[in-house]
Amino acid sequence: MLEEAGRAPDAAVVTAVSKTHGAERIRPLLEAGHRIFGENRVQEAAAKWPALKADYPDIELHLVGPLQSNKAKEAVALFDVIETVDRPKIARALAAEMDRQERTPRLFIQVNTGEEDQKAGIAPDEADAFIAQCREEFGLVIEGLMCIPPMGDDPAPHFALLAKIAARNRLTALSMGMSGDYAVAVRLGATHVRIGTAIFGERAQAGA
Ligand SMILES: *Cc1c(COP(=O)(O)O)cnc(C)c1O
């Protein structure tokens, strides 16, 4: 698929999104050598991953779901990459926890490219100011941007918008594309794709 997009086969990192799946479904991937996983809930990840990380210390665990500031402490302790930084309150809480724990998970800012009320993410027209604030006021190193296009929309304009915001803020990492649209995302510059269903099969819990 990456060859088709005219990009090197290793251009996009695959984050295997294991939400709702138990350790027995995850271990075969670990045994096969995969190390990069994503979860969307701090609580669920905290129950599942410490034991797996004890067995495979080089696991890279990504938080891909919304973060509440009262979970910042747990998120900094558990995750290696937090993809959903999306407002000053969270950025401030993460910066404080990173100082306290002397742990520096890599950070992505989530952009609500579809400007959906129910979806997390900073609004596109507030993204530049928020990225600057994260860097200057909170002293955070921002690695890239992440988005989840609205269901049913053509994802391409959303991916293109994310790439444009990243470029003008000198950010090179783009987490975009899921099971249904990763090929489009890679064509538009994704460096990270987040794949659940295409790896683990359908999730039992609707909407999870
Ligand atoms: C569940 C989830 C995914 C994976 O979705 P699939 O369509 O199952 O590949 C990707 N990103 C986020 C933020 C998710 O919550």
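The written sequence of each chain sets the order in which its residues are numbered from 1. Residue-level local features of this predicted model are given only where pLDDT is at least 70; pairs of side-chain atoms are given and counted only at 80 or more, and the full residue set underlies all totals for whole chains, interfaces and linings. Each side-chain value is worked out from all heavy atoms of the structure, with water and hydrogens disregarded.

K.L.:
Please clarify how the nonpolar core should be interpreted in this entry.
P.N.:
One recurring pattern in soluble globular proteins: nonpolar side chains tend to sit buried together. Residues belong to a common nonpolar core when they are buried Ala, Val, Leu, Ile, Met, Phe, Trp, Tyr or Cys residues joined through side-chain atoms within 4.5 Å. The buried label goes to any residue with under 20% of its type's maximum accessible area, the exposed label to any with over 50%, and the partly exposed label to all in between, with areas taken from a 1.4 Å probe on protein chains only. Judged by nonpolar contacts, the single largest core of 53 residues is most densely connected at Leu94, Ile109 and Leu145. Labels follow the DSSP assignment, with helices taken as runs of H or I lasting at least four residues and strands as runs of E lasting at least two, numbered in each case from the N terminus. At five residues, the largest contribution of residues to this core is made by helix α4 (residues 88-101). Note on contacts: a residue pair is in contact if any heavy atoms of the two residues lie within 4.5 Å. Filtering out sequence-adjacent residues up to four positions away, Leu94 remains in contact with Leu67, Ala72, Val76, Ile82, Val85 and Leu107.

K.L.:
Mind showing me how you'd approach the side chain of Thr113 here?
P.N.:
Tracing the backbone shows Thr113 in the loop between β5 (106-110) and α5 (127-136). In this structure, Thr113 is in contact with Pro124, Cys147, Pro149, His158, Leu161 and Leu162, ignoring residues within four places of it in sequence.

K.L.:
Explanation requested: the environment of Leu107 in the structure shown.
P.N.:
Counting through the fold element by element, Leu107 comes out in strand β5. A sequence separation of 34 residues divides Leu107 from Val141, and the C-alpha atoms of the two residues are 7.0 Å apart. Those residues in contact with Leu107 that lie beyond four places of it in its chain are Ile82, Val85, Leu94, Met98, Leu140, Val141, Ile142, Glu143 and Gly144.

K.L.:
Can you help me understand the pattern of salt bridges in this one?
P.N.:
Side chains bearing opposite charge may pair, as long as their charged atoms lie close to each other. The working definition used for a salt bridge is a side-chain nitrogen of Lys or Arg within 4 Å of a carboxyl oxygen of Asp or Glu. A complete count under the given rule lists 13 salt bridges for this structure. Across the salt bridge formed by Asp80 and Arg103, the nearest N and O atoms sit 3.5 Å from each other. Taken together, the residues Asp80 in the loop between α3 (72-78) and β4 (81-85) and Arg103 in the loop between α4 and β5 connect sequence positions 23 residues apart. Here Arg103 falls in the partly exposed class, since its relative accessible area comes to 27%. Asp86 serves as the salt-bridge partner of Arg87, at 2.8 Å between the closest nitrogen and oxygen. Linked by salt bridges that have partners in common, Glu39, Glu44 and Lys48 make up one network.

K.L.:
I would appreciate a short explanation of the site of the ligand in the present structure.
P.N.:
The environment of the ligand is made up of Val17, Lys19, Val64, Met146, Ile148, Met178, Ser179, Arg194, Ile195, Gly196, Thr197 and Arg203. The separation between a nitrogen atom of the ligand and a polar side-chain atom of Arg194 is 2.9 Å. Measuring from an oxygen atom of the ligand, one finds a side-chain N or O atom of Arg203 at 2.8 Å. Note on areas: Shrake-Rupley, 1.4 Å probe, and residue coverage restricted to the protein chains presented here. In isolation the ligand has 390 Å² of accessible area, and contact with the protein removes 90% of it. Amino acids outside the nonpolar list (Ala, Val, Leu, Ile, Met, Phe, Trp, Tyr, Cys, Pro) and the charged list (Asp, Glu, Lys, Arg) are all regarded as polar, and Gly is one of them. Counted by class, the shell around the ligand contains six nonpolar, three polar and three charged residues. Definition of nearness: a residue and a molecule or strand are near each other if at least one heavy atom of the residue lies within 4 Å of the molecule or strand. Counting of polar contacts relies on pairs of N or O atoms within 3.5 Å, with two restrictions inside protein: one atom must be capable of donating a hydrogen and the other of accepting it, and residues adjacent in sequence are counted only when both atoms are side-chain atoms.

K.L.:
Just checking my understanding: could you explain the side chain of Glu83 for this structure?
P.N.:
Tracing the backbone through its elements, the reader meets Glu83 in strand β4. Here Glu83 occupies a buried position and makes no salt bridge, while the nearest side chain of opposite charge, Arg194, is found at 4.3 Å. In terms of polar contacts, Glu83 uses its side chain to reach the side chain of His62, at 2.7 Å. Contact partners of Glu83, with chain neighbours within four places excluded, come to His62, Leu63, Val64, Phe108, Ile109, Gln110, Met146, Ser175 and Arg194. Residues scored as charged are limited to Lys and Arg (positive) and Asp and Glu (negative), so that His and the chain ends carry no count.

K.L.:
Please clarify how the packing of aromatic side chains should be interpreted in this entry.
P.N.:
Aromatic rings from Phe, Tyr and Trp, taking only the six-membered ring of Trp, are treated as a pair when their centres fall within 6.5 Å; an angle between ring planes under 30 degrees marks them as stacked, one over 60 as edge-to-face, and anything in between as tilted. Enumeration over the complete set of coordinates arrives at one aromatic pair. With 5.0 Å between their ring centres and 45° between their planes, Phe37 and Trp49 make a pair best called tilted. Of the two residues, Phe37 sits in strand β2 (residues 36-39) while Trp49 sits in helix α2 (residues 42-55), which places them 12 residues apart along the sequence. Like Phe37, the residue Trp49 is buried in the burial classification.

K.L.:
Is there a simple way to explain the pairing of strand β3 (residues 60-63) in this structure?
P.N.:
Where a strand is regular, its side chains alternate between the two sheet faces. Residues of β3 alternate between two faces, with Glu60 and His62 on one and Leu61 and Leu63 on the opposite face, all of them buried. A strand pair is defined by DSSP finding two or more bridges across the two strands. One ladder, built from four bridges, connects β2 with β3; its direction is parallel. Directly across from Glu39, in β3, lies its bridge partner Leu63. Relative to β4, β3 runs parallel, the two sharing two bridges. Paired with His62 across the bridge in β4 is Val81.

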